[in-house]
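# Residue-level structure breakdown
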Amino acid sequence: MYQNVRFRLTRLFTAVLSLLLAVLLGVCFYFNIKQQFSLQLSSFTSQSYAVSESISEQTVLTSRWLAAHEENAGFRIYLWDNGAELFHNGDHANQLLPEYARYLSEPDAGHTLQPQEKTNGVSIGRHGILPEVLRYQKQLVKNDSILQVCFLQSLRPLYSRIRSSLLLYVLLFLFSLCLLALFCWYFTGRLLQPLRTSQESQNRFIADVSHELRTPLAVILSSASACEKAPPAEQKSFFQVIAREGAQMSDMLEQLLTLSRADSHGLVLRMEETDLQTLLLETYENFLPLAADSGHLLSIRLPESELPLCNCDQGRIRQVCHILLHNALSYTPAGSNVLLFIAEGSYEKEITVGVQDNGPGIPDGEKEKIFDRFYRIRSGAFVPDSEKGHHGLGLAVAKEIAAAHRGTLTVSDASGGGALFLLTLPVCGNF
């Protein structure tokens, strides 16, 4: 499906860009023809005028002199002396330019050039749609005689150059068309890459969710089946297993719902001015029993100076603190120290909340990956999730909540060993 969509988009973009390119080249070709014709007309006018002036100054006109000017200027010269047509180099009108003999007119004969149009004193002869010949005619008075001069220039050499230009434009268009097709193929690939990545991520997400739900569902179903056959005295243990697995499923579904809302920009925050010192003290007190049961030393460190209020969703920030503390207590050995604190420093724009432990820490290569959904490290500082009840979603949820508050959540190595998580939030007036 991806390749089919890419091919269709490539064909569409190529067609549109090719049409625009054809119009652009057509306009350029039109102005090129117009410029060539203007140059031809200007050159013919100036040369005809110069030769006619030179003829008026000559006392003797020879065929060699006329032929030399014809060869240099690229046109034909026709003369009438008191109405009598003069020729040089044989039957000039019929031999040298027979197809343009109809454009010759003797001034005293009373007929005119047909068809014709005047441009800057030059007649343009047409035979059909396209101009066929340029004509310049002038009457000179020389030694009490009237000398009529007519200059004719064929436009066939111009059309030959135009055909060469047209061929060049066509080749340029075909070459550009190939480049456009390659560019559109590359561009559509880049354009569809985020969609392809998103689809692959969605498929992987669905597969991970299915895998994660399969285990607790299997435990619940097997416990329910065993409960039917077990005596009443043993049924309580199966109910406890079902309740525990059900609670884990409920927690995972809640985390998935939070991530889904964050993806669709539908994560609703109930923003209010919050005293983070009070929020952290409440969180610390709630986790003291859990820390004592697991054999950890939980402590808290708050600044002595009064902190500014933080504009945040209390419930969501409390959820982030719970995730960070629960991970610290779960993935460090008994007897480890876990510290919940507010970082010292300037509180004009932001406040930083930290959770630090002195456990094995997180490898450098895994520090960015641990915020990915369903990503879990199976060795080193982390133990299998099946033993701790984690699903690899907590840190992803915490990072989304931090981003929704226009804050950040980072991880680094703690001084003396262990992991250090820092949650940075803007204070009131900077959100």
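Residues numbered from 1 in each chain as written. Predicted model: local features only at pLDDT ≥ 70, side-chain atom pairs only at ≥ 80, totals over all residues. Heavy atoms only, no water.

### A word on the overall build of the protein chain
Summing up its helical and strand segments, the protein chain has nine helices and 13 strands in all. Looking at the 431 residues of the protein chain, the share that counts as buried comes to 39%. Counting contacts in the protein chain only where the partners sit at least 6 residues apart, residues at least 24 apart contribute 68% of the total. About 24400 Å² of surface is accessible on the protein chain, with carbon and sulfur atoms providing 57% of the total. (Helix = DSSP H or I, 4+ residues; strand = E, 2+ residues; numbered from the N terminus. Buried < 20%, exposed > 50% of the residue type's maximum accessible area, 1.4 Å probe, protein only. Contact = heavy atoms within 4.5 Å. Areas by Shrake-Rupley, 256 points an atom, 1.4 Å probe, with all protein chains shown as cover.)

### Observations regarding the packing of aromatic side chains
By the definition in use, this model includes seven aromatic pairs. Here the aromatic rings of Phe-29 and Tyr-169 are separated by 5.3 Å at their centres, their planes lie at 70°, and the arrangement is edge-to-face. Here Tyr-169 lies in helix α4 (residues 156-229) and Phe-29 lies in helix α1 (residues 2-57), a separation of 140 residues in the sequence. As far as the burial class goes, Phe-29 and Tyr-169 line up, both buried. Here Tyr-30 and Phe-31 contribute two aromatic rings whose centre-to-centre distance is 5.3 Å and whose plane-to-plane angle is 75°, an arrangement assigned as edge-to-face. Here Tyr-30 falls in the partly exposed class, since its relative accessible area comes to 48%. One aromatic cluster is present, built from ring pairs that chain together Phe-44, Phe-75, Tyr-136 and Phe-151. One cation-aromatic arrangement involves Arg-301 over Phe-341; the distance from NZ or CZ to the ring centre is 4.8 Å. (Phe/Tyr/Trp six-rings, centres within 6.5 Å; stacked < 30°, edge-to-face > 60°. Lys NZ or Arg CZ within 6 Å of the ring centre and 35° of its normal.)

### Remarks on the sheet that holds strand β13 (residues 419-426)
Taken in spatial order, the five strands line up as β8-β10-β11-β13-β12 in an open sheet, and their pairing is mixed. The open sheet has two edge strands, β8 (297-301) and β12 (408-413), and neither has a second partner. Taking each pair of neighbouring strands and ignoring which way they run, the sheet shows an average axis angle of 15°. Note: β12 against β13, six bridges, orientation antiparallel. Within β13, the residue paired with Val-411 across the bridge is Phe-421. The strands touched by helix α9 (residues 394-404) within the sheet are β12 and β13, with β12 carrying the most contacts at an inclination of about 130°. (Pairing = 2+ DSSP bridges. Axes fitted to C-alpha atoms, helices over the stretch in contact; angles between N-to-C directions.)

### Let's talk about the packing of α1 against helix α2 (residues 63-73)
At their nearest, the axes of α1 and α2 sit 11 Å apart, and the two run at 165° to each other. Taken together, the axis directions place α1 and α2 in an arrangement best described as roughly antiparallel. Seen along the crossing, α1 lies across α2 with a hand that is right-handed. Together, Gln-47, Val-51, Ser-54 and Ile-55 of α1 and Trp-65, Leu-66, His-69 and Ala-73 of α2 make up the contact between the two elements. (Parallel < 35°, antiparallel > 145°, perpendicular 65-115°, else oblique. Left-handed = near helix turned anticlockwise from the far one by under 90°.)

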